[in-house]
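Okay, here's what each chain looks like letter by letter:
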4 protein chains.
Amino acid sequence: MEGFRFSTEVSVRFAETDAQAVAHNSVYLVWLEVARVEYLARFDGGYPALRARGVEALTLETYVRYLAPARFADRVRIYARCGAIRGARFRFEYSLELGSRPIAEAWTAHACVDAQALRPIRMPRPLVEAITKAET
Amino acid sequence: MEGFRFSTEVSVRFAETDAQAVAHNSVYLVWLEVARVEYLARFDGGYPALRARGVEALTLETYVRYLAPARFADRVRIYARCGAIRGARFRFEYSLELGSRPIAEAWTAHACVDAQALRPIRMPRPLVEAITKAET
Amino acid sequence: MEGFRFSTEVSVRFAETDAQAVAHNSVYLVWLEVARVEYLARFDGGYPALRARGVEALTLETYVRYLAPARFADRVRIYARCGAIRGARFRFEYSLELGSRPIAEAWTAHACVDAQALRPIRMPRPLVEAITKAET
Amino acid sequence: MEGFRFSTEVSVRFAETDAQAVAHNSVYLVWLEVARVEYLARFDGGYPALRARGVEALTLETYVRYLAPARFADRVRIYARCGAIRGARFRFEYSLELGSRPIAEAWTAHACVDAQALRPIRMPRPLVEAITKAET
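The written sequence of each chain sets the order in which its residues are numbered from 1. Just so you know, chain letters begin at A and ligand numbers begin at 1, following the order they were written in. Reporting in this predicted model follows two pLDDT cut-offs: at least 70 for local features of residues, and 80 or more for side-chain atom pairs to be given and counted; totals over whole chains, interfaces and linings ignore these cut-offs and use all residues.

1. Things to note about the overall build of chain A
Note the cut-off: Numbering goes from the N terminus for both helices and strands, where a helix is a DSSP run of H or I of at least four residues and a strand is a run of E of at least two. For the radius of gyration, the atoms used are the C-alpha atoms, and the globule rule reads 2.2 Å times the number of residues raised to 0.38. Residues with at least 20 other C-beta atoms within 10 Å of their own are called buried, those with 12 or fewer are called exposed, and the rest are partly exposed. The C-beta atoms themselves are positioned from the backbone. Residues are treated as contacting if the C-beta atoms built from their backbones sit within 7 Å of each other.
What chain A contains, in helices and strands, is three helices and five strands. Sequence-ordered secondary structure for chain A, helices as α and strands as β, is β-α-α-β-β-β-β-α. Computed over C-alpha atoms, the radius of gyration of chain A comes to 15 Å, within 12% of the 14 Å expected from 2.2 N^0.38 for 136 residues, which places it in the range of a compact globule. Counting only C-alpha atoms, chain A reaches 40 × 30 × 25 Å along its principal axes. Out of the 136 residues belonging to chain A, those deemed buried represent 40%. The long-range fraction of contacts in chain A, counting pairs at least 24 apart against all pairs at least 6 apart in sequence, stands at 66%.

Structural data, given as structure tokens:
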């Protein structure tokens with residue numbers, strides 16, 4: 001997938017399907033989070049380490065465009081990239097594919113906050129640098 | 001809520017919270033669907049009746065902007081309106097409030113399809129007329 | 001429902017159905033929790049008040065027997081009673097009905113713990129007394 | 001794990017945690033299903049192939065005993081075995097471990113049914129034989 005250097009895969013769980021026999025629209029947001037967590041896991045402890053240091057990442061916005069359905073046991077590849085880190089804020093973009101066919105596009109916007117006061121704090125510099133290096 | 005003639009309420013389930021002790025971002029899409037189903041339930045059998053007639057509604061796009069968290073047992077009021085019905089396509093807009101404080105804004109885009117062939121079909125005219133009347 | 005003095009109702013959400021077009025087996029555990037929360041809500045602040053006082057309720061065991069399916073938009077009545085409170089431990093029993101037809105039976109076992117140390121603590125006496133009074 | 005010849009692993013998703021910062025009790029039923037699906041995937045097309053042949057597997061009973069919590073990003077190993085196949089009915093047993101520490105025990109009971117009429121039908125003989133061979 002052009003423009004993406006990271007991807008991961010999920011297998012559609014039976015519990016994730018609905019009475020239309022396709023993965024429910026809300027499940028895509030769970031998958032995007034799985035992809036973010038695995039994306040960050042490559043950097044120094046990843047998201048659990050961030051949380052252990054008292055940094056939480058809030059989700060500010062989510063957008064998904066559904067192009068084609070995913071069905072039980074389908075293996076969905078999620079391409080993800082992190083861009084536009086500005087202070088506390090950052091943004092992820094995604095492309096979901098089944099085989100080589102795109103089935104969804106998405107983006108999510110986030111902010112780092114102090115886990116106690118929930119006030120915005122800059123994403124830790126080493127993480128910014130590691131992500132920037134990984135994406136360029 | 002100005003501009004909305006319909007609203008419904010959900011109580012945040014414990015299972016819907018996450019380790020940040022707030023309702024998980026994916027749960028909002030479930031709530032929006034609950035609101036759509038109750039919105040349509042006022043019209044001639046609602047969504048189950050549509051499905052019984054062989055009409056499915058697909059979700060094409062979802063967007064949520066999260067403004068403030070919702071916590072366990074919070075009662076969230078969901079304002080919803082249906083607009084921009086064009087042939088098979090329609091769109092819902094939402095505002096979510098806790099007390100009188102907005103906690104999220106959202107919209108979703110949909111299309112009616114034939115349940116067998118999954119080809120786009122116009123929303124049944126009586127439903128279009130009933131919705132148009134209800135919204136104006 | 002004989003032997004039950006409390007009941008509540010849930011409407012099957014579309015997101016709760018699966019590709020067999022019935023409510024997924026895992027969703028019943030969410031509904032049982034909804035019933036427990038509403039059961040306790042009648043007593044002095046309920047479960048949120050317990051949590052605010054530093055008491056958490058852990059789930060130790062769950063059992064569900066599925067008798068008949070529940071489908072989208074079905075209104076499921078959940079009968080619940082709390083019995084066998086012994087120190088930190090307590091147990092809930094449930095019967096789920098659709099119309100007057102039983103669709104599931106269930107029980108869950110729990111323990112009260114101190115929210116900090118997660119050590120077992122007795123259920124607060126006023127709550128024990130209120131529940132005992134309500135059940136007899 | 002003694003007595004189990006099959007296991008698979010799930011990583012606790014952030015969406016699967018609750019406000020106690022542990023995986024919610026209902027999520028275990030989703031994991032058990034993931035384990036069953038992967039268990040059956042080793043046999044001639046697995047569960048999707050069964051469904052394609054018009055055989056559905058119903059869940060009749062579920063039981064989980066929770067011994068210790070699982071937290072975000074924990075890798076939970078699920079040991080599963082299929083036993084007691086009698087006509088249409090079969091049963092799975094599970095042990096869940098974190099590292100080498102058991103965190104839950106579970107069993108589920110199922111029946112094969114004809115997907116159209118939902119009447120019980122024997123589990124297809126080749127599958128019974130393959131499972132019996134795998135388990136002994």
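2. Quick look at the relation of the copies chain A and chain B
Put simply, the rule reads: The superposition of copies rests on a least-squares fit of C-alpha positions from residues with pLDDT of 70 or more in both.
Taken as rigid bodies, chain A and chain B are interconverted by a rotation of 180° and an axial shift of 0.0 Å, the fit giving an RMSD of 0.0 Å. The relationship between the two copies is best expressed as a two-fold rotation axis. Closest approach to the rotation axis within chain A is made by the C-alpha atom of Tyr63(A), at a distance of 2.2 Å. Both copies contact each other with a shared surface, as 100% of the interface residues of chain A are interface residues in chain B too.

3. Some words on the relation of the copies chain B and chain C
Here chain B sits on chain C after a turn of 180° about the axis and a move of 0.0 Å along it, with an RMSD of 0.0 Å. Of the interface residues in chain B, 100% have counterparts in chain C that sit at the interface too, so the contact is made through matching surfaces.

4. A short note on the interface of chain A and chain B
To be explicit about the condition: Residues are grouped as follows: Ala, Val, Leu, Ile, Met, Phe, Trp, Tyr, Cys and Pro are nonpolar; Asp, Glu, Lys and Arg are charged; all remaining types, including Gly, are polar. Criterion used throughout: strands pair if DSSP finds at least two bridges between them.
Taken together, the contact pairs 14 residues of chain A with 14 residues of chain B. Elements represented by at least two residues in the side of chain A that touches chain B include exactly α1 (27-41) and β2 (55-66) of chain A. Sorting elements by how many residues they give to the side of chain A that touches chain B places β2(A) first, with nine residues. Class assignment of the residues belonging to the side of chain A that touches chain B gives a composition of six nonpolar, five polar and three charged. Note: β2(A) against strand β2 (residues 55-66) of chain B, five bridges, orientation antiparallel. Bridge pairing links Arg65(A) to Glu61(B) in β2(B).

5. Details of helix α1 (residues 27-40) of chain C
Residue and element names in this part refer to chain C. Operational definition: To estimate the expected span of a helix, count its residues, drop one, and scale the result by 1.5 Å.
Between its terminal C-alpha atoms α1 stretches 20 Å, which fits the 20 Å expected from 14 residues at 1.5 Å a residue. The element α1 is largely enclosed, with a buried count of 11 among its 14 residues. Within α1 the residues assigned to the buried category are Val-27, Tyr-28, Leu-29, Val-30, Trp-31, Leu-32, Glu-33, Ala-35, Arg-36, Tyr-39 and Leu-40.

6. Let's talk about the sheet that holds β2(B)
Strand-to-strand pairing in sheets goes through backbone hydrogen bonds, with the strands running parallel or antiparallel. Inclusion rule: Interaxial angles span 0 to 180 degrees and are taken between N-to-C directions of axes, which are lines fitted to C-alpha atoms, for helices over the stretch in contact.
Taken in spatial order, the 10 strands line up as β1(A)-β3(A)-β4(A)-β5(A)-β2(A)-β2(B)-β5(B)-β4(B)-β3(B)-β1(B) in an open sheet, and their pairing is antiparallel. Every interior strand has two partners, whereas the edge strands, β1 (6-11) of chain A together with β1 (6-11) of chain B, have only one. Across the sheet, the axes of successive neighbouring strands diverge by a mean angle of 25°, strand direction being ignored.

7. Some thoughts on the interface of chain B and chain C
Facing 10 residues of chain B, the contacting portion of chain C comprises 10 residues. The biggest single contributor to the side of chain B that touches chain C is helix α1 (residues 27-41) of chain B, with four residues. Class assignment for the residues of the side of chain B that touches chain C results in eight nonpolar, no polar and two charged.

8. Overview of the sheet that holds strand β1 (residues 6-11) of chain D
The antiparallel open sheet is built from 10 strands, whose spatial order is β1(C)-β3(C)-β4(C)-β5(C)-β2(C)-β2(D)-β5(D)-β4(D)-β3(D)-β1(D). For this open sheet the edge positions go to β1 (6-11) of chain C together with β1 of chain D, each flanked by a neighbour on one side alone. Going across the sheet, the axis of each strand differs from the next one's by a mean of 25°, ignoring polarity. Judged from the 10 bridges that link them, strand β4 (residues 89-98) of chain D and strand β5 (residues 101-114) of chain D form a sheet pairing that is antiparallel. Within β5(D), the residue paired with Arg89(D) across the bridge is Ala111(D).

9. Remarks on the environment of Met123(D)
Residues and elements named next belong to chain D. Along the polypeptide, Met-123 turns up in the loop between β5 and α3 (125-135). Residue class for Met-123 comes out buried when judged on the 21 C-beta atoms lying within 10 Å of it. For the pair Met-123 and Arg-86, spaced 37 residues apart in sequence, the C-alpha separation works out to 8.5 Å. Among all residues touching Met-123, those that are not within four sequence positions of it are Ile-85, Ala-88, Phe-90, Cys-112 and Val-128.

10. Some details on the pairing of strand β5 (residues 101-114) of chain A
Residue and element names in this part refer to chain A. Sheet topology note: the β2/β5 ladder contains 11 bridges and is antiparallel. Counted as the bridge partner of Ala-57 is Cys-112 from β5. Adjacent in sequence and paired antiparallel, strand β4 (residues 89-98) and β5 are bridged by two residues, among which Gly-99 carries a positive phi angle near 65°.

11. A look at unusual backbone geometry
All names here are of chain A. A positive phi is found at Ala-73, a non-glycine position, where the angle reads about 75°. By the secondary structure assignment, Ala-73 is in the loop between β2 and β3 (75-86). Residue Ala-73 is classed as partly exposed on the basis of its C-beta count, with 17 C-beta atoms lying within 10 Å.

12. Topic: the confidence of the model for chain A
We apply this condition: Confidence per residue, as judged by the predictor, is encoded in pLDDT with a range of 0 to 100.
For chain A, the mean per-residue pLDDT works out to 93, and 99% of the residues sit at or above 70. Under the prediction, the complex receives an ipTM of 0.94, its pTM being 0.96.

13. Concerning the environment of Phe14(D)
Here Phe14(D) is to be found in the loop between β1 and α1 (27-41). Owing to 21 C-beta atoms within 10 Å, Phe14(D) belongs among the buried residues under this scheme. In this structure, the C-alpha to C-alpha distance between Phe14(D) and Tyr63(D), residues 49 residues apart in sequence, is 24 Å. In this structure Phe14(D) touches Glu33(A), Val37(A), Asp18(B), Ala19(B) and Phe72(D), once residues within four positions along its chain are discounted.

14. Section: the environment of Glu135(A)
Within the secondary structure, Glu135(A) is located in helix α3 (residues 125-135). Along the primary structure Glu135(A) and Leu29(A) are separated by 106 residues, whereas in three dimensions their C-alpha atoms are 22 Å apart.

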